[in-house]
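# Architecture at a glance
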Amino acid sequence: MSTVLVTGSAGFIGGYVVEELLRRGHTVVGLDNESKYGSISHTYDDHPNYRYTRGDAQDTDLVVKLLSGCEHFIAGAALIGGISYFHTYAYDLLAANERIIAASCDAAIQALRDGALRKVTYMSSSMVYESADRWPSAEGQELEIPPPHSSYGFQKLAVEFFARAAHQQHGLHYTIVRPFNCVGIGEARALGDQEILSGNVRLAMSHVVPDLVQKVLKGQDPLHILGDGSQVRHYTYGGDLARGIVMAMESPAALDNDFNLSTSTSTTVLDLAELIWHRIKGRDVPFRYVSDPPFEHDVQRRVPATEKAKRVLGFEATTTLDAMLQEVIPWIEHAMLAGRI
């Protein structure tokens, strides 16, 4: 088993990744500046194989220090949020995330020279395919289509260029993973999110699943959705994504390679909204909705090819959307009552 540095370890996907690493027997060093959610507790905080540091991933010297003795580095630290976050913090998403990835690569290059580091696993995003004009989006398409229009998508594509450039010049091995539409528990109200009004409900998360769940739980009728609901997404369970990320980290076949990590099942926003509506209100309550104007960067289709991860890694995301909602809806209801959302 390896010692793994995970930056962004207190984040939404980061929490699932740490849990999966510990479950597989790895030793984990976590780093997060707690800028998104503040200080939050996890079930693994007192695990004997987990060591956490509150600090900034832009601090190259700190990352170098934490990489001492680590064979692997999962570079997950980044400013990230939902669709309203993309618009509110367009500059910060580019500038801060560029500083984070540059510091991460600088630290990894030094650790490669001085220590045991074997590879960096980079967290990219499905947003690198933002400008796709054909689907499903297979690995490699991001280099053939126009660059993303949003600063977030553009910067995530830059992360992939950092990975390949550090390998080309310094021999730093990499694996790139692109998670699609993570759904799970543990995501609280972000400290910096701007509230938006959706019908008669104020929201601060701007991720479609928790936002829709909140609106239905708060009694919104008809339900407000962004756009006409025809947007296609691949909602993937956080635990499945973490399993895929760790499999990509561990697999020799993933060396200097890239993978989409996603369910193979497409779901429209309208179908998702109706599923949430009936799960909360019951099958007998007719589904009613109205469409609000969409955000500029609300991509209409985000459909990945998943065959490569299955063939090379043996990875499949198997958790159904219904099973995800069965876990997520009660968690959100409890979090609302506790004032965390």
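Scroll up a little and you will see the structure.
First, a word on scope: everything that follows refers to the structure included in this document. Quick caveat, the model's predicted, so the values are computed rather than measured. (Residues numbered from 1 in each chain as written. Predicted model: local features only at pLDDT ≥ 70, side-chain atom pairs only at ≥ 80, totals over all residues. Heavy atoms only, no water.)

This part is about the overall build of the protein chain. Each helix and strand counted, the protein chain has 10 helices and 15 strands in total. Taken along its principal axes, the extent of the C-alpha atoms in the protein chain is 65 × 45 × 35 Å. Looking at the protein chain alone, contacts between residues at least 24 apart form 75% of all its contacts between residues at least 6 apart. Carbon and sulfur atoms make up 50% of the accessible area of the protein chain, which amounts to about 14300 Å² in all. (Helix = DSSP H or I, 4+ residues; strand = E, 2+ residues; numbered from the N terminus. Contact = heavy atoms within 4.5 Å. Areas by Shrake-Rupley, 256 points an atom, 1.4 Å probe, with all protein chains shown as cover.)

Moving on, we get to the packing of helix 2 (residues 60-67) against helix 4 (residues 90-114). Interaxial distance between helix 2 and helix 4 falls to 8 Å at its minimum, and their mutual angle equals 40°. By the criterion of interaxial angle, the relationship of helix 2 to helix 4 is oblique. For the pair helix 2 and helix 4, the sense of crossing is right-handed. Contacts between helix 2 and helix 4 involve T60, V63, V64 and L67 on the former and, on the latter, A103, D106, A107, A108, Q110 and A111. (Axes fitted to C-alpha atoms, helices over the stretch in contact; angles between N-to-C directions. Parallel < 35°, antiparallel > 145°, perpendicular 65-115°, else oblique. Left-handed = near helix turned anticlockwise from the far one by under 90°.)

A separate point is helix 10 (residues 321-337). Its 17 residues give helix 10 an end-to-end C-alpha distance of 24 Å, which sits within 8% of 24 Å, the value for a rise of 1.5 Å per residue. Listed as buried for helix 10 are L321, M324, L325, V328, I329, I332 and A335. Within two residues after helix 10, G339 carries a phi angle of roughly 80°, on the positive side. (Expected span 1.5 Å × (residues − 1). Buried < 20%, exposed > 50% of the residue type's maximum accessible area, 1.4 Å probe, protein only.)

One pass over the full model with this rule turns up two cavities of 30 Å³ or more. Considered as a void within the structure, the largest cavity measures approximately 100 Å³ in volume. Mapped onto the lining of the largest cavity, the elements with two or more residues apiece are helix 4, strand 5 (119-123) and helix 5 (151-170). Per-element tally for the lining of the largest cavity: the top contributor is helix 4, with four residues. (1 Å grid on protein atoms, 1.4 Å probe; cavity = no way out; pocket = protein on both sides within 12 Å on 5 of 7 lines; lining within 4 Å. Points joined across faces, edges and corners; volume = space filled by probe spheres on them.)

All told, the structure shown has seven aromatic pairs when counted by the stated rule. Relative to Y50, the ring of Y44 lies with its centre 5.2 Å away and its plane at 85°, an arrangement referred to as edge-to-face. Each member of the pair Y44 and Y50 is classed as buried. Among the aromatic residues, those joined into a cluster by ring pairs are F12, Y16 and Y237. Against the face of W277 rests K281, its NZ or CZ located 4.9 Å from the ring centre. Between the NZ or CZ atom of K308 and the centre of the ring of F259, over which it lies, the distance is 5.2 Å. (Phe/Tyr/Trp six-rings, centres within 6.5 Å; stacked < 30°, edge-to-face > 60°. Lys NZ or Arg CZ within 6 Å of the ring centre and 35° of its normal.)

Buried residues dominate strand 2 (residues 27-32), accounting for five of its six residues. The pairing of strand 1 (residues 3-7) with strand 2 spans five bridges and is classified as parallel. Note on strand 2: the bridge partner recorded for T7 is L31. Between the parallel pair strand 1 and strand 2, the chain is carried across by helix 1 (residues 12-23), and the sense of this crossover is right-handed. (Pairing = 2+ DSSP bridges. Right-handed = clockwise from strand over helix to strand, strands pointing away.)

This paragraph deals with the nonpolar core. If you look at the biggest cluster of nonpolar residues, it comprises 52 residues, and the most contacted ones within it are L21, I74, V209, L223, I245 and L261. The residues touching V209, leaving out its near neighbours within four places in the chain, are V183, Y235, L272, I276, L325 and V328. Ranked by size, the runner-up nonpolar core spans 29 residues in total, among them L5, A107, Y122 and A163. (Core = buried A, V, L, I, M, F, W, Y, C linked by side-chain atoms within 4.5 Å.)

Once that is clear, we can look at the sheet that holds strand 1. Pairing within the open sheet is parallel, and its seven strands lie in the order 3-2-1-4-5-6-13. A strand with exactly one partner marks an edge of an open sheet, and here the two such strands are strand 3 (50-54) and strand 13 (257-261). The average angle at which neighbouring strand axes cross in this sheet is 15°, direction not considered. By the bridge criterion, four bridges tie strand 4 (residues 72-75) to strand 5 in an arrangement that is parallel. Considered in strand 5, the bridge of H72 is made with K119.

What follows covers unusual backbone geometry. Cis geometry is found at the peptide bond from W135 to P136, where omega equals 0°. Structurally, P136 is set in the loop between strand 5 and helix 5. Each neighbour pair has its own omega, and for D221 with P222 the value is 5°, a cis peptide bond. Of note, P222 is situated in the loop between helix 6 (208-217) and strand 10 (223-226). Of note, N181 is a non-glycine position whose phi angle comes to about 45°, a positive value. The residue N181 is located in the loop between strand 6 (174-179) and strand 7 (182-183) in this model. The class of N181 is buried, set by a relative accessible area of 18%.

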